[in-house]
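Single-letter residue listing:
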Amino acid sequence: MRDTLHLAILLSLLVRSASVAASAPLNDDVLGLIVFKADLLDPASELASWDDEDADSPCDWAGVTCDPRYT
């Protein structure tokens with residue numbers, strides 16, 4: 001059941017990213033974080049900032065630290 005849920009989430013993200021691929025495709029790091037988030041329990045909504053709508057600046061997401069050499 002859990003694998004099916006992960007697959008459904010991944011497919012929905014891939015379809016969504018494919019539909020906007022011409023304007024702003026999700027990079028592998030953002031997609032990985034979104035899929036990782038889907039497997040977490042977050043009752044306090046600590047990861048609410050992890051949104052693929054704001055994929056341009058995942059370094060601003062709660063708990064994400066980016067190395068300035070790679071941003």
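Under an unreviewed UniProt entry, the name given to the protein is Inactive leucine-rich repeat receptor-like protein kinase, and the organism recorded is Acorus calamus.

A. Region of the structure containing the nonpolar core. Counting nine residues, the largest nonpolar core is built from Leu 26, Val 30, Leu 31, Ile 34, Leu 47, Trp 50, Ala 55, Trp 61 and Val 64. Beyond its immediate stretch of four places on either side in the chain, Val 30 contacts Ala 55, Pro 58 and Trp 61.

B. A look at the state of the cysteines. Per the stated rule, a full pass over the model turns up one disulfide. Linked covalently through their sulfurs, Cys 59 and Cys 66 form a disulfide whose S-S length is 2.0 Å. Sign of the S-S torsion, about -105° for the bond between Cys 59 and Cys 66, identifies this disulfide as left-handed. Given the relative accessible area of 30%, Cys 66 is considered partly exposed.

C. Quick look at the packing of aromatic side chains. This structure, assessed with the given rule, holds two aromatic pairs. Between Phe 36 and Trp 50, the ring centres sit 6.5 Å apart and the planes meet at 35°, which makes this aromatic pair tilted. Of this pair, Phe 36 sits in helix H2 (residues 28–38) while Trp 50 sits in the segment after H2, and the two are 14 residues apart along the sequence. Judged by its relative accessible area of 7%, Trp 50 falls in the buried class. A network of ring pairs unites the aromatic residues Phe 36, Trp 50 and Trp 61 as a single cluster.

D. Quick peek at the confidence of the model for the protein. Put simply, the protein has an average pLDDT of 77, and 72% of its residues get 70 or more. Every residue in residues 19–23 is under pLDDT 50, and counting partners more than four places away or in other chains gives one contact.

E. Spotlight on the environment of His 6. Within the fold, His 6 resides in helix H1 (residues 2–19). Overall, His 6 belongs to the partly exposed group, its relative accessible area being 23%. For the pair His 6 and Phe 36, spaced 30 residues apart in the sequence, the C-alpha separation amounts to 9.5 Å.

F. Here's a closer look at H2. For H2, the set of buried residues is Val 30, Leu 31 and Ile 34. The arc enclosing the buried residues of H2, seen along the axis, measures out at 100°, which places them on a common side. Exposed residues lying more than 90 degrees from the buried face of H2 are Asp 28 and Asp 29. Measuring from the side-chain oxygen of the N-cap residue of H2 to the backbone nitrogen of Asp 29 gives 2.9 Å; that N-cap residue is Asn 27.

What counts as what
- Residues numbered from 1 in each chain as written.
- Predicted model: local features only at pLDDT ≥ 70, side-chain atom pairs only at ≥ 80, totals over all residues.
- Heavy atoms only, no water.
- Core = buried A, V, L, I, M, F, W, Y, C linked by side-chain atoms within 4.5 Å.
- Buried < 20%, exposed > 50% of the residue type's maximum accessible area, 1.4 Å probe, protein only.
- Contact = heavy atoms within 4.5 Å.
- Disulfide = S-S within 2.5 Å.
- Phe/Tyr/Trp six-rings, centres within 6.5 Å; stacked < 30°, edge-to-face > 60°.
- Helix = DSSP H or I, 4+ residues; strand = E, 2+ residues; numbered from the N terminus.
- pLDDT = per-residue confidence, 0-100.
- Arc of directions from axis to C-beta.
- Polar contact = N/O pair within 3.5 Å; in protein donor to acceptor, adjacent residues only side chain to side chain.

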